[in-house]
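Spelled out from the first residue to the last, the chains are:
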Amino acid sequence: MITASLRAESGTVHVAWPEGLTADYPYLWLRDNCPSGFHPQTQEREFDLLSVPETIAPRNLEIEGETLTISWTNDNHVSRFDTTWLKAHRPGTQRPDPAAVPAEPWRGDLAAASLPRMSADDMLTRDNALLDWLNALKRTGIAMVTELADDQEAGLTAARRIGHLRETNFGLTFNVVSKPNPNNLAYTAHRLPLHTDLANQELPPGFQFLHCLANDAEGGGSLFADGYAIAEDLKAQDREAYDILATTKIPFRFHDRESDIRKHDTVIRLGAGGTVEEIRFNAHLADILDLPAAAMRDFYRAYRAFMALSRQERYIVSFALGSGEMIAFDNRRVLHGRDAFDPATGRRHLHGCYVDRGDLDSRIRVLSRT
Ligand code: OGA
Ligand code: ZN
């Protein structure tokens, strides 16, 4: 039998389940989460927390079967809780999250052929296959879509299957071609060393999609490296450099005729548990370093150590994208770059867009419902 009792000294309701599990629910938490306070359709909270005193307390408790009924002293309200719901929401327990897929760092031995991949057709029509592919993309941070139609819409349709496109100063989508008067090194035929895009933004875009429409020029191969793996190895080899990159905010800037977008941030961003959550690394958008002179030596040493690792073959996966392929990668984790190409020898055209991490996570959660 499930039992519930008041613990006035701690201001909690103590619930005990027959299998030995117990939990203590603060009074105000119970009142705040009374099911009657949520809109029946939207399930959003309508209850106004300030409509009750902070010291609200139960007048009476009753357990009948699977229902805990609480009558409250202060506002004469009666709350009914399903004990299974209470068990799932024990204080200190986070809601299970299907999108919390642990990252699995990889190095240069990740074979291009073994990247998670799915056809554009499957992506559009098979929910389960899309969910598997999204989970794989979360784990490795990079995955391929194949057999896209030879038009710019095809890549966008595929990306929109995952989430809303993130518009930036380069537009809702962007064409990576060598063009006259470029406002960005990507729009030249130059080599692009490994980087993350839009490091100058307050929130750099999460996932990047590059749909290859043509790649017939000499050169132009793609390079990728897992920034998480580089950070992990740097931490093991040179803890001081790692700590400097995780704590020193440096300036990033993009500016052209229309915009001047700046952000100071760290190269490595750590989450609450000390895990690496984001890499912000872009030598061409790094603004003039504005640290005090005394801090520069140590910073440069640390920054160069990260940069030097990113050049090591042991981290780099390289392959040429073929037309009809679209590479997707976590732009806040995976560094990408390309070899120089010779526009005189053929056409090279990638069409790109971004979808933020939160949108992709939402798709994983919705697809996981069924
Ligand atoms: C970019 C970029 C890669 C490529 O547009 O930011 O990195 O292969 N392009 O051209
Ligand atoms: Zn880029």
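Novice: Tell me about the domain arrangement of the chain, residues and numbers included.
Specialist: Splitting the chain by domain gives domain 1 (3-88) and domain 2 (112-368). Taken over C-alpha atoms, the centre of domain 1 sits 47 Å from the centre of domain 2.

Novice: Give me the site of ligand 1: which residues, what numbers.
Specialist: For ligand 1, the full set of nearby residues is V176, A186, L192, H195, D197, H336, R338, R348 and L350. Contact between ligand 1 and D197: an oxygen atom at 3.0 Å from a side-chain N or O atom of the residue. For ligand 1, an oxygen atom lies 3.0 Å from a polar atom in the side chain of H336. For ligand 1, whose unbound accessible area comes to 290 Å², protein coverage reaches 95%. Within the residue set of the shell around ligand 1, elements represented by two or more residues are β10 (192-195), β20 (334-338) and β22 (348-355). Residues belonging to the shell around ligand 1 are distributed by class as follows: four nonpolar, two polar and three charged.

Novice: How would you summarise the nonpolar core if you had to cite specific residues and measurements?
Specialist: Among the nonpolar cores identified, the biggest contains 31 residues, and L245, I268, I279, F281, F299 and F306 are the most heavily contacted of them. The set of elements that each furnish at least two residues to this core consists of β13 (222-226), α6 (227-237), α7 (239-247), β14 (250-255), β17 (276-279) and α8 (293-311). Here the element with the most residues in this core is α8; it accounts for six residues. Those residues in contact with F299 that sit more than four places away from it in its chain are I244, L245, T248, I250, L289 and L291. By size, the runner-up hydrophobic cluster in this structure holds 28 residues, among which are A99, A129, A158 and F209.

Novice: Tell me about the coordination of the zinc ion (ligand 2), and name the residues and values.
Specialist: Distances from the zinc ion (ligand 2) to its protein donors, H195 (NE2), D197 (OD) and H336 (NE2), fall at 2.0 to 2.1 Å. Here the donor residues for the zinc ion (ligand 2) map to a single chain with the spacing H-x1-D-x138-H. Remark: H336 occurs in strand β20 and D197 occurs in the loop between β10 and β11 (207-215); sequence separation between them is 139 residues. Each member of the pair, D197 together with H336, is buried.

Here is what the cut-offs are and how they apply
- Residues numbered from 1 in each chain as written.
- Chains lettered and ligands numbered in written order.
- Predicted model: local features only at pLDDT ≥ 70, side-chain atom pairs only at ≥ 80, totals over all residues.
- Heavy atoms only, no water.
- Domains from an automatic or database assignment.
- Near = heavy atom within 4 Å.
- Polar contact = N/O pair within 3.5 Å; in protein donor to acceptor, adjacent residues only side chain to side chain.
- Areas by Shrake-Rupley, 256 points an atom, 1.4 Å probe, with all protein chains shown as cover.
- Helix = DSSP H or I, 4+ residues; strand = E, 2+ residues; numbered from the N terminus.
- Nonpolar A, V, L, I, M, F, W, Y, C, P; charged D, E, K, R; others polar.
- Core = buried A, V, L, I, M, F, W, Y, C linked by side-chain atoms within 4.5 Å.
- Buried < 20%, exposed > 50% of the residue type's maximum accessible area, 1.4 Å probe, protein only.
- Contact = heavy atoms within 4.5 Å.
- Donors = N, O, S within 2.8 Å, 3.2 Å for Na, K, Ca; no water.

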